[in-house]
Amino acid sequence: MDFYHDINTNLEDLKRQSLYKQEHCLQSPQSTTITTSAQTMINMCANNYLGFANHPQLLQTAQQALTDYGYGMASVRFICGTHAVHQQLEQALATFLQQQDAILYSSCFDANTGLFETILDARDAIISDELNHASIIDGVRLCKAKRLRYRNNDMDDLRSKLKSCQDARYRLIVSDGVFSMDGSLAQVANICTLAKEYNALTMIDDSHAVGVIGATGAGTCEGLPVDIITGTLGKALGGAMGGYVAARQELIAMLRQKSRPYLFSNSLAPVVVATSIQALKLLQQTPELRTNLMHKTTYLRHGLRQLGFEVLGDQHPIVPVLVRQATIAQQMASLLHKQGVYAVGFFYPVVPKDMARVRLQVSAAHSDAELEQVLEIFAHVGKQLQVIKRT
Ligand SMILES: *Cc1c(COP(=O)(O)O)cnc(C)c1O
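Procedures and definitions
Along every chain, residues carry numbers that run from 1 in the direction the sequence is written. A pLDDT threshold of at least 70 governs which residues receive local features in this predicted model, and a stricter bar of 80 or more applies before side-chain atom pairs are shown or counted, although totals over entire chains, interfaces and linings include all residues. Derived side-chain values reflect all non-hydrogen atoms in the structure, with water molecules and hydrogen atoms excluded from consideration. Buried Ala, Val, Leu, Ile, Met, Phe, Trp, Tyr and Cys residues form a nonpolar core when they are joined through side-chain atoms within 4.5 Å. Only protein chains enter the accessibility calculation, which uses a 1.4 Å probe. A residue is then buried if its area is under 20% of the maximum for its type, exposed if over 50%, and partly exposed in between. In this text, helices come from DSSP runs of H or I with a minimum length of four residues, and strands from runs of E with a minimum of two, each type numbered from the N-terminal end. Residue proximity to a molecule or strand is established when one non-hydrogen atom of the residue lies within 4 Å of it. Residues adjacent in sequence count toward polar contacts only when both atoms are side-chain atoms; beyond that, a polar contact is any pair of N or O atoms within 3.5 Å, and within protein one must be able to donate a hydrogen and the other to accept it. Here the accessible surface of atoms and residues is derived via Shrake-Rupley with a 1.4 Å probe, and residues count as covered only by protein chains that are part of the display. Three categories are distinguished: nonpolar for Ala, Val, Leu, Ile, Met, Phe, Trp, Tyr, Cys and Pro, charged for Asp, Glu, Lys and Arg, and polar for the others, with Gly belonging to the last. Both cavities and pockets are sets of points on a 1 Å grid over the protein atoms alone; in a cavity a 1.4 Å probe fits but cannot get out, in a pocket the set is open with protein on both sides within 12 Å along at least five of seven lines, and lining residues sit with an atom within 4 Å of a point. Grid points are joined across faces, edges and corners, and a volume is the space filled by probe spheres set on the points. By the convention used here, strands pair only if DSSP detects at least 2 bridges between them. What counts as a ring pair is set by centres within 6.5 Å for rings of Phe, Tyr and Trp (its six-membered ring), and what kind of pair is set by the plane angle: stacked under 30 degrees, edge-to-face over 60, tilted for all other angles. Our definition puts a charge over a ring when NZ of Lys or CZ of Arg is within 6 Å of the ring centre and also within 35 degrees of the ring normal.

J.: Honestly, the nonpolar core in this entry has me stumped. Any pointers?
T.: One broad rule of soluble globular proteins: the nonpolar side chains tend to lie buried together. With 91 residues, the main nonpolar core has Leu-304 and Phe-378 as its most contacted residues. A per-element tally of this core places helix H10 (residues 270-285) first, with 9 residues. With 22 residues, the next largest nonpolar core counts Ile-103, Val-140, Cys-143 and Ala-145 among its residues.

J.: Is there a simple way to explain the site of the ligand in this structure?
T.: In the vicinity of the ligand, the contacting residues are Ser-107, Cys-108, Phe-109, His-133, Ser-135, Asp-176, Asp-205, Ser-207, His-208, Thr-232, Lys-235 and Gly-242. Asp-205 is positioned with one of its side-chain polar atoms (N or O) 2.5 Å from a nitrogen atom of the ligand. One of the side-chain N or O atoms of His-208 is found 3.2 Å from an oxygen atom in the ligand. Relative to its unbound accessible area of 390 Å², the ligand is 82% covered by the protein chains. Tallied by class, residues from the shell around the ligand come to 2 nonpolar, 7 polar and 3 charged.

J.: Got a minute to help me understand empty space enclosed by the protein in this structure?
T.: Empty pockets left among the atoms are what a rolling probe the size of a water molecule brings to light. Across all of its chains, the model carries 3 cavities of 30 Å³ or more by this definition. Considered as a void within the structure, the largest cavity measures approximately 70 Å³ in volume. Considering only residue class, the lining of the largest cavity consists of 5 nonpolar, 4 polar and 1 charged. Size it by volume and the second largest cavity reaches roughly 60 Å³. Lining the second largest cavity are His-133, Asp-176, Val-178, Ser-180, Asp-205, Ser-207, His-208 and Lys-235. Along the lines of polarity and charge, the residues of the lining of the second largest cavity split into 1 nonpolar, 4 polar and 3 charged.

J.: Just to check I follow, could you spell out the sheet that holds strand E12 (residues 310-311) for this structure?
T.: By definition, the strands of a sheet pair up through backbone hydrogen bonds, in either a parallel or an antiparallel sense. Judged by pairing direction, the sheet is antiparallel, and its 4 strands sit side by side in the order E12-E13-E16-E15 without closing on themselves. Every other strand in the sheet has two partners, leaving E12 and strand E15 (344-346) as the edge strands with one partner each. Examined bridge by bridge, strand E13 (residues 318-324) and strand E16 (residues 356-361) share 6 bridges and lie antiparallel to one another. Among the inter-strand pairings, Val-321 is bridged to a residue of E16, identified as Val-358.

J.: How should the pairing of strand E11 (residues 243-247) be read in this particular structure?
T.: For a regular strand, side-chain orientation follows a simple rule: the groups alternate between the two sheet faces. Where burial is concerned, most of E11 is hidden: 5 out of the 5 residues are buried. Alternating positions in E11 separate into two faces, Gly-243, Val-245 and Ala-247 on one and Tyr-244 and Ala-246 on the other, with burial throughout. Both strand E3 (residues 101-105) and E11 contribute to a ladder of 5 bridges, which runs antiparallel. In the strand pairing of E11, Ile-103 is matched with Val-245. Relative to E11, strand E10 (residues 228-232) runs antiparallel, the two sharing 4 bridges. In the strand pairing of E11, Thr-230 is matched with Val-245.

J.: Looking at this structure, I do not really get the packing of aromatic side chains. What am I missing?
T.: Aromatic ring pairs are described here by two measures, namely the spacing of the ring centres and the angle between the planes. Within the structure shown, the criterion is met by 3 aromatic pairs. Measuring from centroid to centroid gives 5.5 Å for Phe-309 and Phe-378, while their planes differ by 80°, and the two rings are edge-to-face. Residue Phe-309 is located in the loop between helix H11 (287-307) and E12, and its partner Phe-378 is located in helix H13 (residues 368-384); the two are separated by 69 residues in the primary sequence. Of the two residues examined, Phe-309 and Phe-378, each falls in the buried class. Over the face of the ring belonging to Tyr-20 we find Lys-15, whose NZ or CZ atom lies 4.7 Å from the ring centre. Taking the ring centre of Tyr-348 as reference, the NZ or CZ of Lys-353 above it sits at 4.0 Å.

J.: Honestly, the layout of surface pockets in this entry has me stumped. Any pointers?
T.: Space inside the largest pocket adds up to approximately 860 Å³. As for the largest pocket, its lining consists of 33 residues, of which Lys-21, Gln-22, Val-344, Gly-345 and Phe-346 are closest to the centre. Among the secondary structure elements, those contributing two or more residues to the lining of the largest pocket are helix H12 (326-339) and E15. Element by element, the count of residues in the lining of the largest pocket is highest for H12, at 4 residues. Tallied by class, residues from the lining of the largest pocket come to 16 nonpolar, 14 polar and 3 charged. Quantified by volume, the second largest pocket comes out at close to 740 Å³. Around the second largest pocket, the lining comprises 21 residues; the ones closest to its centre are Leu-131, Asn-132, Ser-180, Met-181 and Val-350. Contributing elements (two or more residues each) for the lining of the second largest pocket: helix H5 (134-141) and E16. Of the residues belonging to the lining of the second largest pocket, the class tally is 9 nonpolar, 5 polar and 7 charged.

J.: Looking at this model, I keep getting lost on unusual backbone geometry. Mind explaining?
T.: For the peptide bond that leads from Tyr-348 to Pro-349, omega is 5°, which places it in the cis range. A positive phi angle, near 50°, is found at Ala-74, a position not held by glycine. The topology assignment puts Ala-74 in the loop between helix H2 (56-69) and helix H3 (84-96). Given the relative accessible area of 73%, Ala-74 is considered exposed.

Spelled out as structure tokens, the structure:
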């Protein structure tokens, strides 16, 4: 019985099962190409959907914000950690998401873990999509409400689960807006219809959708009567860090009183907050970025299908290329790296058995030439691994 010996054994097990995550150390800022100690590659796996992670205008805002507001808040929000910019960003997010108010967290992970236990208890029921993000699963675990799980995006199953908890005081349907392993969208309109029919509330985590989906980029909930929206500042909205909940005013007021990650964790750095305000403005001033992103996404999806690849999902810049076998996904990712495309393979237990895939993510900042090159390299690697036919 040796504690550290056991940890080492478990680490060895992860390596043997190819589940050990190796971190690639970047030597360049986040962009459409990235440089590691070994090489420069086209980056096809960042959540940098709008190219905001290193946008010149946002860098300028960030530099000015350091001068104006300093670096750290050194406090939680309710002691001396609330600056005017925090309230401005909360208002800007609420307005953009068509909600009454919003509250900032250090991450969307924190937002999701601080939400459910604050607003529901053992008399209530949470009906959750089986593919929901780990932070939702953890948040639901912290809450005493009864838990029901419905099959991914299956509205019949959701209906039957709703029927089975009509005796609960409140029902809350919970879903990701975008299922990030599949690049597919939740049926938010249908969820809202069922919620009305079975007297339930709705919560959507739109982390992969805000800035990307919807006529104005407000996400999968745009124009729909969703009660609670959570999301991140760590993806399309600049990619630094931070999360939020947007909802009715009294719900947000209660979160400020009781939500544990909000009360007991440091306030977001004002440089991140001020820059996020600018990111939100930039997003609204440049709708062509989203149109561009969708054109590029369609180009890549179409090109991969033409080459004979099986591509999952729809209408979202997450483009998963299904190769089925875990070993093929790993080999493909490694050959792609060698030829200059950075993409990651996903396999069981992250996705179902025999559904292994290499996931690509398009950015509005990718040039046409870069995506053309990605297709060329995919053609080459696909033939090499016999995922597609040689012609
Ligand atoms: C990325 C993501 C999160 C985590 O966001 P952070 O702000 O990085 O904690 C939560 N939920 C979903 C659906 C996500 O895609």
